[in-house]
Amino acid sequence: MKFRIALLPLATAVLLLSAGAAEARDQLRIVGSSTVFPFSTAVAEQFGKTTSFKTPVVESTGSGGGLKLFCSGVGTRTPDITNSSRRIKASEIAKCADHGVTEIVEVKIGFDGIVLANSKASPRYTLTKEQIYRALAKQVPVDGKLVDNPYRKWSDLDASLPGVKIEVLGPPPTSGTRDAFVELAMEGGAKQIPMLSELKATDKQAFKAVAHTIREDGAYIEAGENDNLIVQKLEANPNALGVFGFSFLDQNADKIQGSRVGGVEPTFENIASGEYGVSRSLFFYVKKAHVGVVPGIQEYVAEFTSERAAGDEGYLADKGLIPLPAAERSLVRNSAGGLSLLSSN
Amino acid sequence: MTDRLLPTDESAARHLAKRHAAERRFRSYGASAVGAALVVLVALLGSILWRGLPAFTSHEVRLEIHFDADLLDPRGSGDLEVLGRGDYGRLVKLALRAKFDQVTGRRERRALSALVSSGAAFELRERVLAEPGLVGTTRLFFLPLSDDADLFFKGGVDVSTREADRRLSDAQISWLRVLEAEGRIESRISRRFFISGDSREPELAGIRGALVGSLWTLLITLLLSFPTGVAAAIYMEEFAPKNRLTDFIEVNINNLAAVPSIVFGLLGLAVLLNFFGMPRSAPLVGGTVLALMTLPTVIITSRSAIRAVPPSVREAALGIGASSLQVVSHHVLPLALPGILTGTIIGMARALGETAPLLMIGMVAFIVDVPSGPTSPATVLPVQIFLWADAPERAFLAKTSAAILVLLAFLVAMNLVAVLLRNRFERRW
């Protein structure tokens, strides 16, 4: 009698296999960037509440991971939409095509500013991109030669900067925020140094290696993917600077302040107008083959691009998304509404 | 006489004093180790409680809501479909504007309606759908405040900072003070936290979805790992011959117990999702992966519990003519059960706290609906904690700690069951 219990795993196994057969899906599945995640989930929730469709499931897998899942094929077992904090790469489009995902709709949703911030207990920093590069790169040119980064204090870079140790808390290499920071701030700074811009013209690979490698001698501290943690650490250590997304500065403006980069303060308006230089575009990609198979895709896209979501005063702006300029918004809305395909150039 | 047995010379007495001192020192090391552990535990629990308790209450505002028939159901059809499409957000805005009729201008009005949560409109909609007779009447309702306004009443907004650096403007704070002075603001136990799923608005976010997800996942884990593990343990201990093959299996089980959990997640992704085509984010798959992870623990503890049953019990049963099966099912298994259950609960407790293997199979996700079964998308408690800890809104800080408290309560409840079961079945020789 007691051994009847042994039949339980068998029964469960049967249930498991039968679940595999259930193919149809009436719920949108979204994967991708952790930067877009807070915005995508806000739209998903609103969409679920205001329409008769089920609330989409949104996974935070990172931009690269999301595109990999997205490109793994067509069919209800693959995601319908992937969020990305960068534009899809040509190699990824090719990979998608290999697996039969040929029709992709790109939707640009707005900008995300990356800020360098510190505690309000200390004065606000004003940095140039070149100074950011010099402060954080592993190797910098000094007197026409590349040497290991000799700068220890901010005042070593420029006499106008405070005489405190260079200490920057930022995300690890797996993070998209870090990629964007390196590309926009550090590479941007490296290009301004004549010796490195010559290098770029002759040897792109070598230039990238120099511009993209962050120092490992303790001045740049990898503080994990959790931006809240960086904010807390900045409060505890007034000498440190932190690198994270604008929405965290927006939520904690009573405790921390964003450094001016190139003389421009990272405010909502400055990022939206493009004056603040360290910002990137955010996207999501839709699998057109799923439109009509999984219900609600077009309606979700319409909600995301609507004025009340992505507009200047939409609820996404409240969440920290920097909206596109009005003209570009209506362009995106039209092309996304018509599901215009990504041209493969 | 005892005097004579004691050493009388000086050196022996000194030696004795030294030994006693050593013992006292040893005891004090032990006591201070326990003390240090207690201090750390109290500090940890204290900080979580201190931060998390505010999340169990929320501030609500009492407003007269006029269910304007022209707005909700202009034709008076009473059709639920029509009522469902009504503009309930407007009802809330109108109620606020009626309260502060001196507020004009688009910006100010936006700031005013931002004080009440966007969830208020959905709650009114639910009410009307449940009771269509409300249309045309005016009623008093408690509506949730927005997270920033709630935080203000919980002391989370520093009024002395610059207006631009605050989430609430001076005007918003003065409106909140007026509402408070009129006795319209009340702090209530937050029901929403226990009855709703996840949300991007901190004041609406609830733990129910993750709790139910954890329950389903653990149920699957238990159903798979307990019978399989116990059966394997009984066979290995009582029936299996001792040879190279069984030794090899034993070594492998012990090794499996030490495999990092993410590896099981990768296995789940490759085999369950990609090969068998099971749904992503489902407790069924999560439970299976966690069962694989728990299985070695269950087998190892069950085997040692079975081994602890005295051989005399088996021999006596065999001696009066019981078959091997009867020996096991009538005597060994009931006697070993308390130990087996303890081991299983420990394994389950570990499974409850796992997030790494679930990442691979899509359970680290934003899911609003409370899961309705083992195949509907779900997340689990530790994942919910992780997601909230990562959210930019400051009110999620308290939610994170509150979710940790719920997870701890879940764990304590599980351990309590283990203790009760053990006390009930335990037999001493």
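Since we're looking at a predicted model, the values are computed, not measured.

Definitions and cut-offs
Residues numbered from 1 in each chain as written. Chains lettered and ligands numbered in written order. Predicted model: local features only at pLDDT ≥ 70, side-chain atom pairs only at ≥ 80, totals over all residues. Helix = DSSP H or I, 4+ residues; strand = E, 2+ residues; numbered from the N terminus. Expected span 1.5 Å × (residues − 1). Bend = angle between axes of the 7 residues up to and from the residue. Buried ≥ 20, exposed ≤ 12 C-beta atoms within 10 Å, placed from the backbone. Contact = placed C-beta atoms within 7 Å. Axes fitted to C-alpha atoms, helices over the stretch in contact; angles between N-to-C directions. Parallel < 35°, antiparallel > 145°, perpendicular 65-115°, else oblique. Left-handed = near helix turned anticlockwise from the far one by under 90°. Nonpolar A, V, L, I, M, F, W, Y, C, P; charged D, E, K, R; others polar. Core = buried A, V, L, I, M, F, W, Y, C linked by C-beta atoms within 7 Å. Domains from an automatic or database assignment. Pairing = 2+ DSSP bridges.

1. Focus: helix H13 (residues 261–275) of chain B
Residue and element names in this part refer to chain B.
Phase 1 of the analysis: Its 15 residues give H13 an end-to-end C-alpha distance of 20 Å, which sits within 8% of 21 Å, the value for a rise of 1.5 Å per residue.
Phase 2 of the analysis: Helix geometry: H13 is bent most strongly at Gly268, by close to 30°.
Phase 3 of the analysis: When H13 is considered as a whole, its buried residues turn out to be Phe264, Gly265, Gly268, Leu272 and Leu273.
Phase 4 of the analysis: Looking at the packing, one finds that the buried side of H13 touches helix H14 (283–307) and helix H17 (356–360).

2. A short note on the packing of helix H18 (residues 381–389) of chain B against helix H19 (residues 396–425) of chain B
Helix-helix packing is described using two parameters, namely the angle between the two axes and the distance between the axes.
Residues and elements named next belong to chain B.
Phase 1 of the analysis: The interhelical angle for the contact between H18 and H19, taken along N-to-C directions, is 165°, at an axis separation of 8 Å. Between H18 and H19, the angle is such that the two are roughly antiparallel. Viewed along their axes, H18 and H19 form a crossing whose handedness is left-handed. Along the contact surface, H18 presents Leu381, Pro382, Gln384, Ile385, Trp388 and Ala389, while H19 presents Phe396, Lys399, Thr400, Ala403, Ile404, Val406, Leu407 and Phe410.
Phase 2 of the analysis: Class assignment of the residues belonging to the contact of H18 with H19 gives a composition of eleven nonpolar, two polar and one charged.

3. Concerning the nonpolar core
Phase 1 of the analysis: Val107, Ile109, Met186 and Tyr285 of chain A together with Ala336 and Ala403 of chain B are the most contacted members of the largest nonpolar core, which has 182 residues in total.
Phase 2 of the analysis: Residues in contact with Tyr285 of chain A, not counting those within four places in the same chain, are Phe70, Ile81, Thr82, Ser84, Ile88, Ile104, Val105 and Glu106 of chain A.

4. Describing the domain arrangement of chain A
Residues and elements named next belong to chain A.
Phase 1 of the analysis: Per the domain assignment, the segments of chain A are domain 1 (25–111 + 281–337) and domain 2 (113–279).
Phase 2 of the analysis: The straight-line distance from the C-alpha centre of domain 1 to that of domain 2 is 30 Å.
Phase 3 of the analysis: Across the boundary between the two partners, domain 1 contributes twelve residues, which contact twelve residues of domain 2.
Phase 4 of the analysis: Among the residues forming the side of domain 1 that touches domain 2, the class breakdown is four nonpolar, six polar and two charged.

5. Focus: the interface of chain A and chain B
Phase 1 of the analysis: Each side of the interface is counted separately: chain A has 34 residues, and chain B has 39 residues.
Phase 2 of the analysis: Counting residues per element, the ones that place at least two in the side of chain A that touches chain B are helix H1 (7–21), helix H2 (37–50), strand S2 (57–59) and helix H11 (246–251) of chain A.
Phase 3 of the analysis: Its residues assigned to classes, the side of chain A that touches chain B comprises 15 nonpolar, eleven polar and eight charged.
Phase 4 of the analysis: Across two bridges, S2 of chain A lies against strand S4 (residues 365–366) of chain B in antiparallel orientation. Counterpart to Glu59 of chain A in the pairing with S4 of chain B is Ala365 of chain B.

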